[in-house]
Amino acid sequence: MSSVAMSAPGRLGKAIEYLQELWRRREFTIALGLGNLKARNASTSLGLLWWVLNPLLLGGVYFIVVGILFGGRGRPDDFIIYLLSGMFVFHFTSQSMTGGANSIIQNAKLLANLRFPRLLLPISTLIEALVGFCASLGVLAVMVVITQVVLDQQYLTPRLFFLPAIVALHVLFNLGLAAITARLAVPFRDINNLLPYLTRVWLYLSPIIWPLSLLERAGPTVNRLVAFNPMYDLISLYRSVLLNYPFEPDYLIGAVVWTVLIGTVGVAVFVRYEGHMVRYL
């Protein structure tokens, strides 16, 4: 019993030391993330703007297909900002997953020559994705203001003050996913080829390209399955504060539960395995 009693404080102490080491190297992490962002966009004319253009153009394609060619059955009048709000949020998550999967492989020499908490690498890719996401939120805010004037509806409310808290929750959720994909990508390199298909299916299952009115005609089983999707809660929270959509406490509860679950499991699995990564590189 004494060994069990001692193991918990021992693990807690190691966790605190690990967090302290992460904090001490925060400048290195930020510099690495911003450096990767500049390097990734150095060869393009539009640079960071492509981070916004990718989901914007993809959203335009879905708007033409779903909103126009299919007659827009059941779509709301503000479908364009409804669509883009989901696309930007989902793009942040998908980019974090892809960045996490590539973070260890692309920095193999760094891992082989320096000792540091390996979790810094997925965090640096998360910083890179966060910068692009913040830029996309600025574009979305402009489009919301324009739509508000055109449709004469009230979107921007004091709920906007809760946006930083939702973004922070989203960041922690994405960190867990980035840590999971980084952990899997080292021994299983094929994860990079599989991720685009997984994220595309996840996109179709999320309330992004289809209106919520479709759920009204679906059965209770379908509604429960959709609500079990973690992106459903996160996207609903964003739309509650950005588009003044109805807020349900279940959105917040679901988002917190998923963030704690994915974040804790992802980070714990990554940290436990990080000492064995170099042998696979």
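Residues numbered from 1 in each chain as written. Predicted model: local features only at pLDDT ≥ 70, side-chain atom pairs only at ≥ 80, totals over all residues. Heavy atoms only, no water.

> I tried to follow the side chain of threonine 259 on my own but got confused; where do I start?
Counting through the fold element by element, threonine 259 comes out in helix α12 (residues 249–273). The exposure class assigned to threonine 259 is buried, which follows from its relative accessible area of 5%. Residues within four places of threonine 259 in sequence aside, it is in contact with Leu169, Leu172, Phe173 and Thr264. (Helix = DSSP H or I, 4+ residues; strand = E, 2+ residues; numbered from the N terminus. Buried < 20%, exposed > 50% of the residue type's maximum accessible area, 1.4 Å probe, protein only. Contact = heavy atoms within 4.5 Å.)

> What exactly am I supposed to notice about the pattern of salt bridges here?
Pairing is possible between side chains of opposite charge, provided their charged atoms come close. Enumeration according to the criterion identifies two salt bridges in this entry. Residue arginine 24 is joined to glutamate 21 by a salt bridge in which the shortest nitrogen-to-oxygen separation is 2.5 Å. Here arginine 24 pairs with glutamate 21, and both are found in helix α1 (residues 2–24), just three residues apart, close to one helical turn. On the accessibility criterion, arginine 24 (55% relative accessible area) is exposed. One salt bridge connects glutamate 21 with arginine 25, and the closest N-O pair in it is separated by 2.7 Å. Salt bridges sharing partners connect three or more residues here, namely Glu21, Arg24 and Arg25. (Salt bridge = Lys/Arg side-chain N within 4 Å of Asp/Glu carboxyl O.)

> What is the right way to look at the packing of helix α4 (residues 79–106) against helix α7 (residues 163–185) in this model?
Relative orientation and spacing of two packed helices are given, respectively, by the angle between their axes and the distance between those axes. Packing of α4 against α7 leaves a shortest axis separation of 7 Å and a crossing angle of 35 degrees. As α4 packs across α7, the resulting crossing turns out to be right-handed. Along the contact surface, α4 presents Val89, Phe92, Thr93, Ser96, Met97, Gly100, Ala101, Ser103, Ile104 and Ile105, while α7 presents His170, Val171, Phe173, Asn174, Leu177, Ala178, Thr181, Ala182 and Ala185. Residues of the contact of α4 with α7, tallied by class, amount to 12 nonpolar, seven polar and no charged. (Axes fitted to C-alpha atoms, helices over the stretch in contact; angles between N-to-C directions. Left-handed = near helix turned anticlockwise from the far one by under 90°. Nonpolar A, V, L, I, M, F, W, Y, C, P; charged D, E, K, R; others polar.)

> What's the story with the environment of arginine 239 in this structure? I'm lost.
Assignment of secondary structure puts arginine 239 in helix α11 (residues 230–242). Looking at arginine 239, the relative accessible area reads 3%, which means it is buried. For arginine 239 and tyrosine 155, which are 84 residues apart along the polypeptide, the C-alpha to C-alpha distance reads 9.6 Å. Beyond its immediate stretch of four places on either side in the chain, arginine 239 contacts Tyr82, Ser85, Gly86, Pro207, Ile208, Asn244 and Tyr245.

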